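The residues making up each chain are set out below.
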Amino acid sequence: MRILVVEDTEDLADAIVHRLRKLGYAVDWVADGHEAEELLRREPYQLVLLDIMLPGIDGQALLGQLRRRRNATPVLMMTARSQVDVKIDLLDLGADDFIVKPFDLRELEARCRALLRRSQGMASSRTQFGNILFDAAAKTVQVDGRPVELGGREFRLLELFLGGLGSVMSKEDLMDRLFSLDQPTALNAIELYVSRLRRKMQGSSMEIRTVRGLGYVAEIRIGD
């Protein structure tokens, strides 16, 4: 999943980006509201972590602009203000969730997982798909009770396929969701990750089909 972090405190931003990338997320970071606005108009994101106090455009104004454009990307506000009125204003403006600074990075991870899971239509971090048990919180996968070892991007690729069952995903879309802007890569890297995932998920209920000229579609085989 591709996440945009908008935070002007470099140490905090660095810690967040490092933590999320270690979990396999593609993460971009900007420290200025104007830069964030430009990226959000140009690039697709599945989640935005947005500070309130920013140079340029502040977080509240940026959130308002995002929602006025009918952009429904989940937004997690990061704020040092703990007053109830502030929280109410943020939620009414279109924030999906908020976290009060200083915060534990484990809580931030959990809130990110919840928002991403909700956007994919998954009610719980632990979900069964045929004979596949997918646990986003524990970052584990089992097939018929057997653990499957996946790398960070392989895990996120599986999450994308399970969250979009039956939908064709282009290589370009998958690349946008798996790699951040400072991690340029070629389209054949997606072919490599899909090939690895197919091999490791052999015996599972999921089939990843190549749709010539369009990309890939994942399906759960009926009866498995």
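Calculation notes
- Residues numbered from 1 in each chain as written.
- Predicted model: local features only at pLDDT ≥ 70, side-chain atom pairs only at ≥ 80, totals over all residues.
- Heavy atoms only, no water.
- Helix = DSSP H or I, 4+ residues; strand = E, 2+ residues; numbered from the N terminus.
- Expected span 1.5 Å × (residues − 1).
- Buried < 20%, exposed > 50% of the residue type's maximum accessible area, 1.4 Å probe, protein only.
- Arc of directions from axis to C-beta.
- Contact = heavy atoms within 4.5 Å.
- Salt bridge = Lys/Arg side-chain N within 4 Å of Asp/Glu carboxyl O.

The protein chain carries the name Chemotaxis protein CheY in an unreviewed UniProt entry, which gives Azospirillum thiophilum as its organism.

To continue, consider helix α1 (residues 10-22). Helical geometry note: an α-helix holds 3.6 residues per turn, so side chains three or four residues apart project in the same direction. Given a rise of 1.5 Å per residue, 13 residues ought to cover 18 Å, and the 18 Å separating the end C-alpha atoms of α1 matches this to within 8%. Here α1 has its buried residues at A13, I16, V17 and L20. Down the axis of α1, the sector holding all buried residues measures 95 degrees, keeping them to one side. Seen from the buried face of α1, the exposed residues on the opposite side, beyond 90 degrees, are D11, D14, H18 and K22. Looking at the buried side of α1, the elements it contacts are β1 (2-6), β2 (26-30), β3 (47-51), β4 (75-79) and α5 (105-119). G24, located one to two residues past α1, shows a positive phi value of around 100 degrees.

Considering all chains together, one arrives at 20 salt bridges under this definition. R111 is the salt-bridge partner of D97, the closest N and O atoms lying 2.8 Å from each other. Taken together, the positions of D97 in strand β5 (residues 97-100) and R111 in helix α5 put the pair 14 residues apart, joining distant regions of the chain. R111 sits in the partly exposed class, given a relative accessible area of 25%. One salt bridge connects E219 with R209, and the closest N-O pair in it is separated by 3.3 Å. Note that E219 is positioned in strand β11 (residues 215-220) and R209 in strand β10 (residues 206-211), a separation of ten residues in sequence. Residue classification places E219 among the partly exposed residues on the basis of a relative accessible area of 31%.

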